[in-house]
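The chain contents come next:
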Amino acid sequence: MLTVKYLTKSYDNFMLNDISFSLKEGRITGLIGMNGSGKTMVLKCILGAVPYETGKISIGGFTAFQNEQEYKGKIGAVFDSGCFYDELTLEAMTSIIAEAYGSWDENIYSRYMERFGLSRTQQINTLSRGMKMKYSLALALSHHAELLILDDPFSGLDPKTRQFFCGELLAQKEEGKTILLSANTISDIDRICDDIVFIHNGTILRECTREEFLSESVKNPPTVEDAMMEIISRRGR
């Protein structure tokens, strides 16, 4: 579904160094790493939000340079910061966003708005963080995207809302969606991911299944966070 090859990007005395990985269709992949490891920059490069020096990124065989509309149409993105006009209602904000997608599906959008308990007439600046994240997810799911990209969607959410998001992502996986998820709270990824891409200081250290990644841990029972810290520790010896 997604292939990243030899991606290089320099910024602020930091460098993404020959980043290469791929996502298997219909699976949840956790992009993990310490704060400042380059996770968000990788996602922004995939989304076409920032330019990069070298490399190739393709989604379903399309690249942003050769087939920008088809490429971006395959992606549904949820970022923790959001990109909304606070003074608008959800209905007004949605009308702006829907124009960007030729495959926008109003019926699907209405279904998710009801499912997530969102009101079209509510102003964005009155939404809680959890409701904003639900709104972002509703938008991402309403234009038949095949690849969902989420950047730290659990940050600042209460346990009930985090559980809701985990359940919703698992449901989307069952519907055939491919999901790339980064999170600073590794326990959330640990619960739902099938595969792991571990980035450290701008370099990919591991790309494997969750089970293979857990084998790196010396603790029993192991967690994804235990395995990550063990790999970092060994590199420092």
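Note that the structure is predicted; figures quoted are calculated from it, not measured.

Rules and cut-offs
- Residues numbered from 1 in each chain as written.
- Predicted model: local features only at pLDDT ≥ 70, side-chain atom pairs only at ≥ 80, totals over all residues.
- Heavy atoms only, no water.
- Core = buried A, V, L, I, M, F, W, Y, C linked by side-chain atoms within 4.5 Å.
- Buried < 20%, exposed > 50% of the residue type's maximum accessible area, 1.4 Å probe, protein only.
- Helix = DSSP H or I, 4+ residues; strand = E, 2+ residues; numbered from the N terminus.
- Contact = heavy atoms within 4.5 Å.
- Pairing = 2+ DSSP bridges.
- Axes fitted to C-alpha atoms, helices over the stretch in contact; angles between N-to-C directions.
- Phe/Tyr/Trp six-rings, centres within 6.5 Å; stacked < 30°, edge-to-face > 60°.
- Parallel < 35°, antiparallel > 145°, perpendicular 65-115°, else oblique.
- Left-handed = near helix turned anticlockwise from the far one by under 90°.
- Nonpolar A, V, L, I, M, F, W, Y, C, P; charged D, E, K, R; others polar.

Trainee: Just to check I follow, could you spell out the nonpolar core for this structure?
Mentor: What tends to happen in soluble globular proteins is that the nonpolar side chains get buried as a cluster. Within the largest apolar cluster, 49 residues are counted, with the highest numbers of intra-cluster contacts made by Ile-32, Tyr-135, Phe-154, Leu-181, Ile-196, Phe-198 and Phe-213. The greatest single-element share of this core, amounting to six residues, is contributed by helix α5 (residues 129–140). Here Ile-196 is in contact with Gly-30, Ile-32, Ile-189, Arg-206, Glu-207, Cys-208, Thr-209, Arg-210, Phe-213 and Val-224, once residues within four sequence places are set aside. Listed in part, the 29 residues of the second largest apolar core include Ile-19, Phe-21, Leu-23 and Ile-204.

Trainee: Whenever I open this one, the sheet that holds strand β9 (residues 195–200) confuses me. Can you help?
Mentor: In a beta sheet, neighbouring strands pair by backbone hydrogen bonds and run either parallel or antiparallel. Strand order in the open sheet made by the six strands is β6-β7-β8-β3-β9-β10, with mixed pairing throughout. Lying at the two open borders of the sheet, with one neighbouring strand each, are β6 (75–79) and β10 (203–209). With strand direction ignored, the average angle separating the axes of adjacent strands in the sheet is 15 degrees. As paired strands, strand β3 (residues 28–32) and strand β8 (residues 178–182) are joined by four bridges and run parallel to one another. Within the sheet, the bridge partner assigned to Thr-29 lies in β8 and is Leu-180. Against the sheet, helix α1 (residues 39–47) engages β3, β6, β7 (147–151), β8 and β9, with an angle of about 145 degrees to β6. The sheet strands contacting helix α9 (residues 224–235) are β3, β9 and β10, and the helix crosses β9 at an angle near 35 degrees.

Trainee: Would you take a moment to explain the sheet that holds strand β5 (residues 62–63) for this structure?
Mentor: Taken together, the four strands give an open sheet; going across it, the order is β2-β1-β4-β5, and neighbouring strands pair in antiparallel fashion. If you trace the sheet from one side to the other, it starts and ends with β2 (14–23) and β5, each paired once. Alignment of strand β1 (residues 2–11) against strand β4 (residues 54–59), held across five bridges, turns out to be antiparallel. Bridge pairing links Val-4 to Ile-57 in β4.

Trainee: Please clarify how the packing of aromatic side chains should be interpreted in this entry.
Mentor: Given two aromatic rings, one states the distance between the centres and the angle between the planes to describe the pair. According to the stated counting rule, one finds eight aromatic pairs in the structure shown. For the ring pair Tyr-52 and Phe-65, a centre distance of 6.1 Å and an interplane angle of 70 degrees mean the geometry is edge-to-face. Taken together, the positions of Tyr-52 in the loop between α1 and β4 and Phe-65 in the loop between β5 and α2 (68–73) put the pair 13 residues apart, joining distant regions of the chain. Taken together, a centroid distance of 5.3 Å and an interplanar angle of 45 degrees make the contact between Trp-104 and Tyr-109 tilted. Judged by its relative accessible area of 17%, Trp-104 is buried. For Tyr-109, a relative accessible area of 0% gives the class buried. Through a chain of ring-to-ring contacts, three or more aromatic side chains come together here, namely Tyr-112, Phe-116, Phe-164 and Phe-165.

Trainee: Sorry if this is basic, but what is going on with the packing of α5 against helix α6 (residues 159–174) here?
Mentor: A packed helix pair is summarised by two numbers, namely the angle formed by the two axes and the spacing between the axes. Contact pair α5 / α6: the axes reach a minimum separation of 11 Å and the direction vectors enclose 15 degrees. One finds that α5 runs roughly parallel with respect to α6. Crossing angle aside, the handedness with which α5 passes α6 is left-handed. For the pair formed by α5 and α6, the contact residues are Gly-130, Met-133, Lys-134 and Leu-137 on the first element and Thr-161, Phe-164, Phe-165 and Glu-168 on the second. Split by residue class, the contact of α5 with α6 holds four nonpolar, two polar and two charged.

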